[in-house]
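# Inside the fold
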Amino acid sequence: MWVKTDLDLRPVYHKSDNGTLAHLHLGILAYWLVNTIRCKLKAHGINSHWPEIVRIGNTQKIITTHGTNRAGYLIGVRKCSDPPDELKKIQTILHVKHKPFAKRKSVVHKPKLKKNETLYNQDFMDT
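Source: prediction; values computed, not measured.

Turning our eyes to something else, we now look at a nonpolar patch on the surface. Residues Leu26, Leu29, Trp32 and Leu33 make up a contiguous nonpolar surface patch of about 450 Å² in total accessible area. With respect to the element layout, leucine 26 can be found in helix H2 (residues 17-43).

Structural data, given as structure tokens:
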């Protein structure tokens, strides 16, 4: 069965029956998901095997950048790259957004320090 190698399914021994059942259910869910995706793609003329579909999907990246502004606040920015045409075609067939999210910006404020408190542990600094 090709899906066992593509999904990396193998015997896994759990300590409890619930762990074994959860592993089995997740394996069946993954199998169902892969076959549904491949069936939809095949209906539109894409006959790629699962590892090739995963490789194409991995061409889109999420970039996260952090920096500090003049006020001393930590600024984080996340941005999603533009997908290549091959991935756009797959996303369109599967009704998936080409960019899972818009550019996100977050500001992390420094914690307010109490009197006689510092950002660093003084005991650590003395050693």
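Right, picking up where we left off after that structure.
Quantified by volume, the largest pocket comes out at close to 220 Å³. In this structure, the largest pocket is lined by Trp50, Ile53, Val54, Gly57, Gln60, Leu87, Ile90, Gln91, Leu94 and Val96. When contributions to the lining of the largest pocket are tallied by element, the ones reaching two or more residues are helix H3 (50-57) and helix H4 (85-93). Here the lining of the largest pocket is built from residues that sort into 7 nonpolar, 3 polar and no charged.

What follows deals with the pairing of strand S1 (residues 62-68). In this sheet, strand S2 (residues 74-80) lies alongside S1 in antiparallel orientation, the contact comprising 7 bridges. When the sheet's bridge partners are listed, isoleucine 63 is paired in S2 with lysine 79. With antiparallel pairing between neighbouring strands as the criterion, S1 and S2 make up a hairpin whose turn holds 5 residues, including glycine 72 at a positive phi of roughly 90°.

Looking now at the nonpolar core. With 10 residues, the main nonpolar core is built from Val34, Ile37, Leu41, Ile46, Trp50, Ile53, Ile56, Leu87, Ile90 and Ile93. Contributions of two or more residues to this core are made by H2, H3 and H4.

When you line up the elements, glutamine 91 lands in helix H4. A distance of 3.0 Å separates a polar atom in the side chain of glutamine 91 from a polar atom in the side chain of glutamine 60. The residues contacting glutamine 91, other than those within four sequence positions of it, are Gln60, Pro83, Val96, Lys97 and His98.

Attention now goes to the pattern of salt bridges. Applying the stated criterion across every chain, the model contains 2 salt bridges. The salt bridge involving lysine 99 is made with aspartate 82; its shortest N-O contact spans 2.8 Å. Remark: aspartate 82 occurs in the loop between S2 and H4 and lysine 99 occurs in the loop between H4 and strand S3 (104-108); sequence separation between them is 17 residues.

An ideal rise of 1.5 Å per residue puts 39 Å on 27 residues; H2 measures up with 39 Å between its terminal C-alpha atoms. Along H2, the residues classified as buried are Gly19, Gly27, Val34, Ile37, Arg38 and Leu41. A positive backbone phi angle near 85° is found at glycine 45, which sits one or two residues after H2.

The α-helix winds at 3.6 residues per turn, so residues separated by three or four positions along the chain end up facing the same way. Burial in H3 covers these residues: Trp50, Ile53 and Ile56. One side of H3 holds all its buried residues, which, seen down the axis, span an arc of 120°.

So, about unusual backbone geometry. Phi at histidine 95 takes a positive value of approximately 60°, unusual for a residue other than glycine. When you line up the elements, histidine 95 lands in the loop between H4 and S3.

Cut-offs used in this document
- Residues numbered from 1 in each chain as written.
- Predicted model: local features only at pLDDT ≥ 70, side-chain atom pairs only at ≥ 80, totals over all residues.
- Heavy atoms only, no water.
- Patch = residues over 30% accessible without salt bridge, like charges linked within 9 Å, V, L, I, M, F, W, Y side chains within 5 Å.
- Areas by Shrake-Rupley, 256 points an atom, 1.4 Å probe, with all protein chains shown as cover.
- Salt bridge = Lys/Arg side-chain N within 4 Å of Asp/Glu carboxyl O.
- Helix = DSSP H or I, 4+ residues; strand = E, 2+ residues; numbered from the N terminus.
- 1 Å grid on protein atoms, 1.4 Å probe; cavity = no way out; pocket = protein on both sides within 12 Å on 5 of 7 lines; lining within 4 Å.
- Points joined across faces, edges and corners; volume = space filled by probe spheres on them.
- Nonpolar A, V, L, I, M, F, W, Y, C, P; charged D, E, K, R; others polar.
- Pairing = 2+ DSSP bridges.
- Core = buried A, V, L, I, M, F, W, Y, C linked by side-chain atoms within 4.5 Å.
- Buried < 20%, exposed > 50% of the residue type's maximum accessible area, 1.4 Å probe, protein only.
- Polar contact = N/O pair within 3.5 Å; in protein donor to acceptor, adjacent residues only side chain to side chain.
- Contact = heavy atoms within 4.5 Å.
- Expected span 1.5 Å × (residues − 1).
- Arc of directions from axis to C-beta.

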